[in-house]
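Observations on the model geometry
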Amino acid sequence: MANKRKESGVVAFPVQKASGKPRIRFGSILREYRLKAHLDQEQVGKACGVTGNAISNWERDVARPDVSLVPTLCNLLNIPLYDFFGMTNPNPYSEDEKGLIADYRCMTNPNKRQLHSIVRAIVDSQEETRRENYRKNYCHLVGHDAGLAAGFGSPLDDEPDAYPVFVRVSRDARRADDVFPVNGQSMEPDYPDGSMVFVERVDASELAYGDVLACIVAGTPYVKIYERDGLHSINPDYSVIPVTDDDNMRLIGRVVGLVDPEDIASDAEAQELMEVFADELN
């Protein structure tokens, strides 16, 4: 039996029983985009080096275009590859965006340049507003991994490693310079184990009895209440820590409040805030 003649650029395939595997339906996609482009089958066939009848076969899924013709078809009919192969576009354009792109392509070059200037001005203004909102809503403080002992603590060999931390603006946040974690139960219930506190850097001359301090005594960082006879805990199970000149007490600052975990910037926000506060961080 003689073989049927195949047109150049066409891969014919016999009708087979379904194999259970999904098959891409090129036909409906080609027809949809051909009609959008206001081209007939003969015009598309001429561009691809085949007949209009071949295009009809493709659109009816009787045959498929050779893979070498995919770039030609996509460029001619403006078919995104995601659509051509039936895949989900991870960055789809909305209908409004598609309309704007279509309008832009109809513009003259001078109008395109003018539009570029307008869009750039809008984007710059939006960016400045975003940065200003971040500055209004967040404080840049210094965070520390080494906790303040609300108990017995562990020795601190040197100044804790510091890192930027961004907290939503509040009265306490505005007063503070640092954020420290609390370790231990001696200051419960006011300062629970695992909580974080705002610390304001102050001179010793500014302290008053009854202030809650962040300090280092004999190499161990503490959060305690400053009184005449030493450092007191809120939890009555803990004894007063007497402080003498020999203990080499070093003041970190005054504790001005608890940090609400919800007020700490997320990782994504922190990345943006690092850029907004770049000048101050350097």
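Since the model is a prediction, treat every value here as computed from it, not as a measurement.

Focus: the overall build of the protein chain
The helix and strand tally for the protein chain stands at ten helices and eleven strands. Sorting the 282 residues of the protein chain into buried and exposed places 33% on the buried side. Sequence-distant contacts in the protein chain: of pairs separated by 6 or more residues, those separated by 24 or more amount to 67%. When the accessible surface of the protein chain is split by element, carbon and sulfur atoms take 50% of a total near 18,200 Å².

Comments concerning the nonpolar core
Counting 18 residues, the largest nonpolar core has Leu30, Cys48, Trp58, Leu73, Leu77, Ile79 and Phe84 as the members making the most contacts within it. Looking at this core, the elements with two or more residues in it are α1 (26-36), α2 (41-48), α3 (52-59) and α4 (70-77). Those residues in contact with Cys48, other than ones at most four positions away along the chain, are Trp58, Leu69, Thr72 and Leu73.

Examining helix α9 (residues 267-276)
Within α9, burial applies to Ala270, Leu273 and Val276. For α9, the arc enclosing every buried residue in end-on projection is 115°, short of the 170-degree limit, so these residues lie on one face. Pointing more than 90 degrees away from the buried face of α9 are the exposed residues Asp267, Ala268 and Gln271.

Observations concerning a nonpolar patch on the surface
Among the surface-exposed residues, Leu81, Tyr82, Phe85 and Met87 lie close enough to one another that they form a single nonpolar patch of about 360 Å² accessible area. Within the secondary structure layout, Phe85 lies in the loop between α5 (81-84) and α6 (95-105).

Let's talk about the packing of α2 against α4
Where α2 meets α4, the axes come as close as 10 Å, and the angle between the chain directions of the two elements is 135°. Between α2 and α4, the angle is such that the two are oblique. The hand of the α2/α4 crossing is right-handed. Contacts between α2 and α4 involve Val44, Ala47 and Cys48 from the former and Thr72, Leu73, Leu76 and Leu77 from the latter. A breakdown of the residues in the contact of α2 with α4 according to their chemical character gives six nonpolar, one polar and no charged.

Section: the pattern of salt bridges
For the structure shown, the criterion picks out 14 salt bridges. Here Arg130 and Glu272 are joined by a salt bridge, their closest N and O atoms 2.4 Å apart. Of this pair, Arg130 sits in helix α7 (residues 109-137) while Glu272 is found in helix α9, placing the two residues 142 residues apart along the sequence. Arg130 sits in the partly exposed class, given a relative accessible area of 24%. Glu200 serves as the salt-bridge partner of Arg254, at 3.2 Å between the closest nitrogen and oxygen. One end of the pair, Arg254, is in strand β11 (residues 250-258); the other, Glu200, is in strand β7 (residues 196-200), with 54 residues separating them in the sequence. Under the relative-accessibility criterion, Arg254 is labelled buried at 14%. A cluster of three or more residues bridged by salt bridges with shared partners is formed by Glu127, Arg130, Arg131, Glu272 and Glu275.

Here's the deal with the pairing of β11
Alignment of β7 against β11, held across four bridges, turns out to be antiparallel. From the neighbouring strand, Glu200 faces β11, where its bridge partner is Arg254. As judged from the four bridges shared by strand β8 (residues 212-217) and β11, these two strands associate in the antiparallel manner. Across the sheet, residue Leu213 finds its bridge partner in β11, namely Arg254.

Side note on α1
Taken together, the buried positions of α1 are Phe26, Gly27, Ile29, Leu30, Tyr33 and Arg34. What you see down the axis of α1 is that its buried residues fit within an arc of 165°, all on one side. The inward-facing, buried residues of α1 abut α2, α3, β2 (63-65), α4 and α5. A positive backbone phi angle near 55° is found at His38, which sits one or two residues after α1.

Here we look at the packing of aromatic side chains
For the structure shown, the criterion picks out six aromatic pairs. Centroid distance Phe84 to Phe85: 5.1 Å. Interplanar angle 75°. Geometry classified as edge-to-face. Judged by relative accessible area, which is 1%, Phe84 ranks as buried. Through a chain of ring-to-ring contacts, the aromatic side chains of Phe26, Phe84 and Phe85 assemble into a single cluster. In this structure, Lys36 packs its charged tip against the face of Tyr33, placed 4.8 Å from the ring centre. Cation over ring: Arg135 sits above Phe277, and NZ or CZ is 4.8 Å from the ring centre.

Definitions and limits used
- Residues numbered from 1 in each chain as written.
- Predicted model: local features only at pLDDT ≥ 70, side-chain atom pairs only at ≥ 80, totals over all residues.
- Heavy atoms only, no water.
- Helix = DSSP H or I, 4+ residues; strand = E, 2+ residues; numbered from the N terminus.
- Buried < 20%, exposed > 50% of the residue type's maximum accessible area, 1.4 Å probe, protein only.
- Contact = heavy atoms within 4.5 Å.
- Areas by Shrake-Rupley, 256 points an atom, 1.4 Å probe, with all protein chains shown as cover.
- Core = buried A, V, L, I, M, F, W, Y, C linked by side-chain atoms within 4.5 Å.
- Arc of directions from axis to C-beta.
- Patch = residues over 30% accessible without salt bridge, like charges linked within 9 Å, V, L, I, M, F, W, Y side chains within 5 Å.
- Salt bridge = Lys/Arg side-chain N within 4 Å of Asp/Glu carboxyl O.
- Axes fitted to C-alpha atoms, helices over the stretch in contact; angles between N-to-C directions.
- Parallel < 35°, antiparallel > 145°, perpendicular 65-115°, else oblique.
- Left-handed = near helix turned anticlockwise from the far one by under 90°.
- Nonpolar A, V, L, I, M, F, W, Y, C, P; charged D, E, K, R; others polar.
- Pairing = 2+ DSSP bridges.
- Phe/Tyr/Trp six-rings, centres within 6.5 Å; stacked < 30°, edge-to-face > 60°.
- Lys NZ or Arg CZ within 6 Å of the ring centre and 35° of its normal.

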